[in-house]
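# Coordinate inspection notes
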Amino acid sequence: MKTREYLILLALAEADLHGLAIARAVQELSDGQTRLWPVSLYGTLESLEGSGLIEELEDARHRPADESEKKRFYRLTRTGHRALTAETDRLGAIVKIARSRLKPRPEGAK
Amino acid sequence: MSFYRLLLRFAPRRLRDKHGREMEAMFRAQLADARGRGGIAVAAVWFHALADIAGALPRNLIHHWRRRGRVGVPQERRSLMIGSDIRYAWRSLNHQRFGSILVIGMLALGIGSTVAVFSLVNGLFLRPFPFPEPDRIVYVNETAPKWNLEETSVNYHDYAQWRRDQKVFEAIALYDERAFNLATDQGADRMQGASVTMDFMKVLGIQPIIGRMFTQEEDSPKGPLVTLIGEAVWHERFGGRADVLGKELKLNSRVFTIIGVLPKAAEFPGGVRLWVPMQGDPNTNEQSYSFTGLARMKPGVTIEQANADLVRTQQGIFDTRDKERVVTPFARDLREQFTRDFGTVASTLGAAVSLLLIVACANVAALMLARALARRREMGIRLAVGASRARLLRQLLVENVMLSIVGGAAGLAIGQWAIQLLLTSLPDQAPSWTNFTLDGRMIAFTIATSVATAILFGWAPALHAMNSDVRAAMATATAGSTAPVRGRRTLWALVVAEFALASLMFVCGGLLVRAYDRVRNTDPGFDPSNVLTFTVAVPAVKTPDDASGLAYRKRLVERMRAVAGVTEVGLISCAPVSNCHWGSFFTAENAPPRGPNDPNPVILMRVASPEYFSAMGVRLKEGRFFNTSDGSGGRDQDGTIIVNDTFVKTTWPGAASGIGKRLYQGSGPPASGRPIRWLTVVGVTEDLKHYGLERPVRPGIYLPVPIYPRNANTVVLKTAGDPASIAPAVQAAVREIDPEIPAYDMRTMDERLALSRSLRAAYSWMLGVFAVMALVLALGGSYGVTSYLVSQRTRELGIRVALGAKRSDISRTVLKGSLAVVSIGVVIGIAGAIGAGRFLASLLFGVPPYDAVILAIAAIALAATGFLANWLPARRASRVDPMVSLRAD
C-alpha cells in the first residue's frame, strides 16, 4: 500500500471527510511530511473507491444538478477498515524487526 | 484561478468531470494558505500543483489514445524509437523537398526578423547595465519649463547644495563629457573623456583596477592636475604595465599625472577613455547649466522619494537665488532616461515583427495542414496496419521539430546579420552603452519561438487533420475526392488572416515610408550641398584671451582659403543638426516687465563670421548679414546682432520688421550701475532647422565673432567640388598652423543631415521591408493553399469538364472563390490599419493615418498579389484533362 493511500485511510478512520479536509488531515497525521495536491488526491480517492476500500457518502438532501458541483464526503468501508488494520500490523511487525536489528553504533566510529 | 482551471484541462478527464470544482476549490484553499507565508510559498504551491498535474499527464494521454485508437493491436515497443522517428522524418521531409524548403524559408524569415527586433529590444531595454545593483542608480538633471527647456543640465552650485543636504542617496555625482587634445609624438590626438566629481565611481559602484579614485582635494578648485585612464588607453599606450601610476599625460597642452586605471564598465555613458576631476567651485554663483548628474539611491529608496528630497534640498536656492522657482531638479530611472527616444519605435517594431511572425506561422500552418490532409491516406493505412496514434503523433512532432530547428537556426543567422547591417547604418543613434551581441537571452528567445511555432503551427494542424475517424479518413482519402469541409475552412481562414495582417502591415509600413519621405523633403533652411564642416579644439592655454583667440581664428580662416577647392570659409560656434546647443537670455528694449509666471524661453545663441551665412546657404529675410566691421568694438560696446524669424515673432509679436530694434543680453532689468550694451538688429534670417528636421525651431540669434571669438570653433567650408575629397588636405592644413590643435568631427553637411534622420530612416525602412515580406508570405501562402485545393479537386473539375463546362468557367470559378477570400482579408486588414494608424500618429510627422494614396496603393498591391497567387493554380485547373483526372488516384 502506498504511503498516501495508507494516510488517507487513516484519516478516514477517524471521521468521514471531504477532499480538502482529507488533505489537511493527511498533512497533520504525517507531521507535514506528506502534502496531497488536487489531481493526485482525487486520483487516489478514485482508485481507493474502485478497490472498495472507501465509499462515497450518500447524501439524499443535497443533490446539485451538475455532478462536479457536489462536495463529496467519503467514509471507510468495512473492507477498508480491515485493510487498514492489516497494513498497520504489517508495518508494526516490520518496524519491530527493524528496531531489533538496528543496534546503535558504538561511539567514536566513523 | 481560471488559469488553474485551464491547467486542469490536462488532468484526466474522468477526474475533471467528477471533481473539477472541488479540485479548484482545494487549490484555492492551498493558495490562500500560502499567501500568508509570502511569495516563495505561493510559487511553491504553483510548482507543486503543476508537478501534480504533470504527474498525471502521461497516464492521461495513454488512456486517451488507447481509448480512441484501435483495440487488440499489439503494442509497439515504446522505448528508443526516437532514432527511427528521426530517420523516417528525414526521409519524409526529403521526399517533399520543395515544401520543406518553403516551410524552413518562411520560418527563417519570420524568426530572423523577430530575432533582429528582439536583439534591439534586448540591448536597449533588457540587458542590465554593467554596474552592481543598477536599479539604484538614477539620472539627475534640472528642468525649466519657463525657459522652454525640458532639461537645462545641472548647475554646479545647485549640485553642491544637493550633495550637502540630501538624505536619500549613497552618493551623488556630476559628469561632463569632454574631449581632450592628447599630445603625441606626431602632434595631438582627439580623445573622448569626461570630467567628473569625486563620487562618480562610487555612484556607478566601480573600483579602479589599479591606483585610486580622486580625492576631495583633487576635486577642488585649483587642485592638482591628475587623471584616471581607461583600461583601453592603459593597454594601448602603456602596454598594461603596473608602473603606469605616476606617469604623465599631456592633455590640452597641460601635464596630468595618472593616478589610476578604470575598467571598461566605467566608460559611461560610452566612449569615455579618460577622466579628470571636475574641480568645480561651489562658491561661484553663475547661471551656467552644463553638467549631468547621476546618483546612487540608498537601498529601499524610491524614485519618488529621491525626487521629493532633491526638491527639498533646492529650497534654499528657491528662497534666495531663484525666487520664481524656474529651475527644478529631478531624478529619473537611468534606463528610462536613455531609452526615451526609442520607446515608441521599439513597440512599433515589436508589433510589426510579431504580425510578420504570425503571417509566417499562418503560412506554415496552412502548408502543414495541407500536407497533413494530403497524407491522411498514408496515416490511415499506418493506423490500420497497427501503428498507434501516439506513435504517429510523435512522428509528426519530430518532423515539425526538425523543421523548426533548421528554420530557427537559419532565422538566428539572418537576425544576426540583419542587426549588424542595421547598426552599421546607424552609427551614432544607439546609446553608446548598448550592446547587441548574441547572448543567452536571445538564444533562449529563438529556441522558444521556434519550438512554439513548430508545435502550435505545425503539429496542431497535423493533429487537427488526423483527429478524424480512421475509417472515414480511409474512405474519403481513398476515393481521392475533395478535402474535408473542416480542413478546407481552416485553410481559407488562414488565408484570410494572412491577407488581413499583410494589408495591415502594408498600410502601416507605407505610412511610415511616406512620413520618412516627407521628413526628407523638409526644407532644412540651409543649403547642405558641397559643404564640409569640422571643429578645432583650442586649449585655453594656447589662447588665454580674446585677442589671441581672434588672431588664431584669423590665421585659420586665411589658411583654409588657401586650400584648393575651397570657395568660402565661415566660422560658427554651433553648426545646424550637430546636436549642439548654447542658450542664453536676451531682453528687448522697452519690453514690458516680465511677470513671475510668464515664460522666458531660452534663446539659441550662435557666433558667426560674415562668410558663414553664404557658405552655409542661410537665407536672409530682411536687412543684411554681418560684415567685417561688425563686433569690432568687442563685448564692452554697443554692437549688432542678427536674429531669426521666430525670434522676431516671439519677441515683437505683430511687428512688421525687426530691423533697427534694440536688445541686450541678459534676463530681466539690467544690473544697476553697469551700462547696458545695446545690440541693434541688422538682419533677420529665415528659420533654420537647427535641432533636426523634425524638431521645432527655437528663437535664435547670431553674434559677430569678435564678441565671443573663442567660441567660434566650427569651420564651414563651401567647396567647388566633392567636399569629402579635400578633407585630408584640410586636416593637414589645420595641423600646419599648430600641431597640438587637431581638427575633428569632420563631416559634410549632407552627412550631418542624413545622420540626423538616420533613426527614422532605419525604422521606416525596417517596417517597409517587413510589409513587403508579409506581402510575399501572403502570396506564397495563398498560392500554396489554392494549389492544394485545386489538386484535391482534380476529380471534381474533371467531371465538370467532361459534362461540358468551359475551361474559362473552370478558372473563373477557382479564381472567384479564392479572390473572395482574399478580399475579405484585405477589407479586414485595411479597416484594422485605419484604426492602428492612430497609435502611429506620433511617428507619422503629420501624414494622416487614413492617407488615401497609401490606402489605394495597399489595396491595389494586395489585390494584385491575391490575383497573382491564384491565377497560376486557376489556370492549371482549367487545363485539367477529364480522362487523366478521372483516372487519377
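Rules behind the numbers
- Residues numbered from 1 in each chain as written.
- Chains lettered and ligands numbered in written order.
- Predicted model: local features only at pLDDT ≥ 70, side-chain atom pairs only at ≥ 80, totals over all residues.
- Helix = DSSP H or I, 4+ residues; strand = E, 2+ residues; numbered from the N terminus.
- Buried ≥ 20, exposed ≤ 12 C-beta atoms within 10 Å, placed from the backbone.
- Contact = placed C-beta atoms within 7 Å.
- Nonpolar A, V, L, I, M, F, W, Y, C, P; charged D, E, K, R; others polar.
- Pairing = 2+ DSSP bridges.
- Core = buried A, V, L, I, M, F, W, Y, C linked by C-beta atoms within 7 Å.
- Axes fitted to C-alpha atoms, helices over the stretch in contact; angles between N-to-C directions.
- Parallel < 35°, antiparallel > 145°, perpendicular 65-115°, else oblique.
- Left-handed = near helix turned anticlockwise from the far one by under 90°.
- Expected span 1.5 Å × (residues − 1).
- Bend = angle between axes of the 7 residues up to and from the residue.
- pLDDT = per-residue confidence, 0-100.

## Examining the overall build of chain A
- When helices and strands are counted, chain A shows four helices and three strands.
- Looking at chain A as a whole, 25% of its 110 residues are labelled buried.
- Taking as baseline every contact in chain A between residues at least 6 positions apart, the subset at least 24 positions apart corresponds to 53%.

## Regarding the overall build of chain B
- Summing up its helical and strand segments, chain B has 27 helices and 23 strands in all.
- Considering chain B as a whole, with its 889 residues, one finds that 40% of them fall into the buried category.
- When contacts within chain B are restricted to residue pairs at least 6 apart in sequence, those whose partners lie at least 24 apart make up 83%.

## Considering the interface of chain B and chain A
- Across the boundary between the two partners, chain B contributes 19 residues, which contact 14 residues of chain A.
- Counting only elements with at least two residues in the side of chain B that touches chain A, the list comes to helix H2 (13-35) and helix H3 (39-68) of chain B.
- With twelve residues, H2(B) is the largest single contributor of residues to the side of chain B that touches chain A.
- When the residues that make up the side of chain B that touches chain A are grouped by side-chain class, the tally is ten nonpolar, four polar and five charged.

## Some points on the pairing of strand S9 (residues 274-277) of chain B
Residue and element names in this part refer to chain B.
- Neither face of S9 is open: one carries Leu274 and Val276, the other Trp275 and Pro277, and all of them are buried.
- In terms of strand pairing, strand S4 (residues 188-196) meets S9 through four bridges, oriented parallel. Bridge assignment links Ala194 to a residue of S9, and that residue is Trp275.
- Both strand S6 (residues 226-230) and S9 contribute to a ladder of two bridges, which runs antiparallel. Bridge pairing in S9 places Leu228 opposite Trp275.

## Remarks on unusual backbone geometry
- Of note, the phi angle at B:Glu133 is positive, near 45°, even though the residue is not glycine.
- The residue B:Glu133 is located in the loop between helix H5 (97-126) and strand S1 (137-143) in this model.

## Considering the nonpolar core
Residues and elements named next belong to chain B.
- Membership of the largest hydrophobic core comes to 109 residues, with the highest contact counts inside it found for Ala173, Val203, Ala295, Ile701, Val715, Val716 and Leu717.
- A total of eight residues in this core trace back to one element, the largest contributor, which is strand S3 (residues 169-183).
- Val203 has contacts with Ile137, Ala171, Ile172, Ala173, Leu294, Ala295 and Arg296, leaving out every residue within four places of it along the chain.
- If you look at the next biggest cluster of nonpolar residues, it comprises 103 residues, including Cys361, Leu494, Ala502 and Ile830.

## Some thoughts on the packing of H5(B) against helix H12 (residues 343-374) of chain B
All names here are of chain B.
- Orientation of H5 relative to H12, taken along the N-to-C sense of each, is 160°, at an axis distance of 9 Å. If you check the angle between H5 and H12, you find them roughly antiparallel. Pair H5 / H12 crosses with left-handed handedness.

## Side note on the environment of B:Leu755
Residue and element names in this part refer to chain B.
- Mapping Leu755 onto the fold places it in helix H22 (residues 749-756).
- A residue is classified by how many C-beta atoms lie within 10 Å of it, and Leu755, with 19 of them, is partly exposed.
- As for Leu755 and Gly692, which are separated by 63 residues in sequence, their C-alpha atoms are 9.7 Å apart.

## Here's the deal with the packing of H5(B) against helix H23 (residues 758-792) of chain B
Residue and element names in this part refer to chain B.
- Contact geometry of H5 with H23 gives a least axis separation of 12 Å together with a crossing angle of 160°. As far as their axial angle goes, H23 and H5 are roughly antiparallel. Both H5 and H23 take part in a crossing whose hand is left-handed. Contacts from Leu102, Met106, Leu109 and Ser113 of H5 reach H23 at Phe770, Met773, Leu777 and Gly780.
- Residue classes in the contact of H5 with H23 are distributed as six nonpolar, two polar and no charged.

## Observations regarding the sheet that holds strand S3 (residues 73-76) of chain A
All names here are of chain A.
- Here three strands make up an open sheet; going across it, the order is S1-S3-S2 and the pairing antiparallel. Unpaired on one side and paired on the other, strand S1 (17-18) and strand S2 (54-56) mark the two borders of the sheet.
- Of the strands in this sheet, S1, S2 and S3 touch helix H1 (residues 3-14), which is tilted by about 90° from S3.

## Notes on the pairing of S4(B)
Residue and element names in this part refer to chain B.
- As defined by bridge partners, S3 adjoins S4 across nine bridges and the pair is classed as antiparallel. Within S4, the position partnered with Glu177 by the bridge is Ala194.
- Linking S3 back to S4 in an antiparallel pair, the connection comprises four residues, with Gly187 at a positive phi of about 155°.

## Thoughts on helix H25 (residues 807-840) of chain B
- Compared with an ideal rise of 1.5 Å per residue, which puts 34 residues at 50 Å, H25(B) spans 47 Å between its outermost C-alpha atoms and is within 8% of the ideal.
- At B:Ile834, H25(B) shows its maximal kink, close to 30°.

## Observations concerning the confidence of the model for chain B
- Mean pLDDT over chain B: 83, with 92% of residues reaching 70 or higher.
- Taken over the whole predicted complex, pTM reads 0.69, whereas the ipTM for its chain interfaces reads 0.82.

## Some thoughts on the confidence of the model for chain A
- Taken over all residues, the pLDDT of chain A has a mean of 81, while the share at 70 or more is 83%.
- The least confident element of chain A is S1(A), whose mean pLDDT is 83; the most confident is helix H4 (residues 78-101) of chain A, at 90.

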